[in-house]
Amino acid sequence: MEGREISKAVITRLPRYYRYLGELLESGVERISSNELSARMHVTASQIRQDLNNFGGFGQQGYGYNVKYLYTEIGKILGIDRQHNLIIIGAGNLGQAIANYANFEKRGFIIKGMFDINPRLIGLVVRGIEIRGVDDLEQFIMDNDVQMAALTIPKTKAPEIADRLVSAGIKAIWNFAHVDLTVPDDVVVENVHLSESLMRLSYRVCSMQDRIEEEKTKASAKSAKQAK
C-alpha cells in the first residue's frame, strides 16, 4: 500500500465493511465469502475484492474471509486501533450530542474537552467533561496532546477558530460548520453538511415519487386505451 493513492470511494466504503463485519462477529460468524458479504452490503462481490486488494486482499480462495481477522485489519487501516484525542468547539445541542455518544470511545476517539463562548454554558459538565471558554484553547491542546477537533459552531466563527486550531497543532478537523475551511496541506478536514445530506434525501424521495406517479399515469393511459 506504500506510495499508493487510495480512492476516496474506497475509503468511504471501509467504515461500512467494518460495521458489517462487527455485526457478523457479534452474531458468531467466523468466516464469510465475498458473495455473502455482497448480499448483506448491496455492494458487488467484485467491488469488495477490488477494495480489499488495495490493502493486500485478506481472503483465501475457497475459504473466503476470516471475519475477526478482516475486522481487525480494517480497524488498523482506519486507524481506530490507536487513540485519538479530540476536542469539541461548540457546546450547543449538536456538540453535546457528540459528547454523549459513547461509541466514539470504543473506536479510540477520546473527548478531552469542550469549548464554547456562551457564558451560560461555560462551567457546565457534559458526560464528565467540563465546558471551557476558548481563551485557554491553545494551551489545553498542547497540555492534552490533542490531534483532532470537532467544529459545531456558526460558520461566521469557524474560519477564525480553525486558524487557532491549526496554529496550536491540530491536524484533523471534523467540520460541521456550513463553510469551507482554508487550511494547510498537512491538515485534514472532513466536512459534515447536515443540510446537504437532507437535500440529497429529499432529491431521492422526490425522484422515487415522480417515477411512481409517472408509472401510474402510464398505467391509467393504457387502461383507458384498452377500454375504448
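Please refer to the structure placed before this passage.
Anyway, here's the lowdown on the structure attached to this text. Quick caveat, the model's predicted, so the values are computed rather than measured. Sequence order as written defines residue numbering, which begins from 1 separately in each chain. Owing to the predicted nature of the model, reporting of local features is limited to residues with pLDDT of at least 70; listing and counting of side-chain atom pairs is limited to 80 or more, with chain, interface and lining totals taken over all residues. Note: side-chain values were computed over all heavy atoms of the structure, leaving out hydrogens and water.

Turning our attention to the sheet that holds strand β4 (residues 109–115). Pairing within the open sheet is mixed, and its seven strands lie in the order β5-β6-β4-β3-β7-β8-β9. The open sheet has two free edges, formed respectively by β5 (125–126) and β9 (188–191), since each of these has just one partner strand. A pair of strands is treated as paired once DSSP finds two or more bridges between them. Numbering of helices and strands runs from the N terminus; a helix is a DSSP stretch of H or I covering at least four residues, while a strand is a stretch of E covering at least two. Sheet topology places β4 next to strand β6 (residues 129–132); two bridges connect them, and they run parallel. Its bridge partner being in β6, Phe-115 is matched across the sheet by Arg-132.

With a phi close to 60°, His-42 is a non-glycine residue in the positive phi region. Mapped onto the secondary structure, His-42 falls in the loop between α2 (34–41) and α3 (45–53). Of the residues examined, His-42 reaches a relative accessible area of 71% and is grouped as exposed. Despite not being glycine, Asp-145 has its phi angle at roughly 50°, a positive value. Along the chain, Asp-145 falls in the loop between α7 (137–143) and β7 (148–151). Exposed residues in this analysis have more than 50% of their type's maximum accessible area, buried residues have under 20%, and partly exposed residues fall in between, with area computed by a 1.4 Å probe over protein chains only.

Taken together, Val-205, Met-208 and Ile-212 make up a surface patch of nonpolar side chains, about 220 Å² in accessible area. Along the chain, the position of Ile-212 falls in helix α9 (residues 194–227). Exposure remark for Ile-212: the relative accessible area of 37% places this residue in the partly exposed category. Patch building starts from residues that exceed 30% relative accessible area and form no salt bridge, then joins like charges within 9 Å and nonpolar side chains (Val, Leu, Ile, Met, Phe, Trp, Tyr) within 5 Å. All accessible areas in this document rest on Shrake-Rupley with a 1.4 Å probe, and a residue is counted as covered only by the protein chains that are shown. Here, a salt bridge means any Lys or Arg side-chain nitrogen found within 4 Å of an Asp or Glu carboxyl oxygen.

A pair of aromatic rings is counted whenever rings of Phe, Tyr or Trp (Trp by its six-membered ring) have centres within 6.5 Å, and the orientation is called stacked for planes under 30 degrees apart, edge-to-face for over 60 and tilted otherwise. Going through the model one piece at a time under the given rule, you end up with six aromatic pairs. Here Phe-58 and Tyr-69 contribute two aromatic rings whose centre-to-centre distance is 6.2 Å and whose plane-to-plane angle is 65°, an arrangement assigned as edge-to-face. Residue Phe-58 is located in the loop between α3 and β2 (65–66), and its partner Tyr-69 is located in helix α4 (residues 67–78); the two are separated by eleven residues in the primary sequence. Ring geometry for Tyr-101 against Phe-104: centres 4.8 Å apart, planes inclined by 75°, an arrangement best described as edge-to-face.

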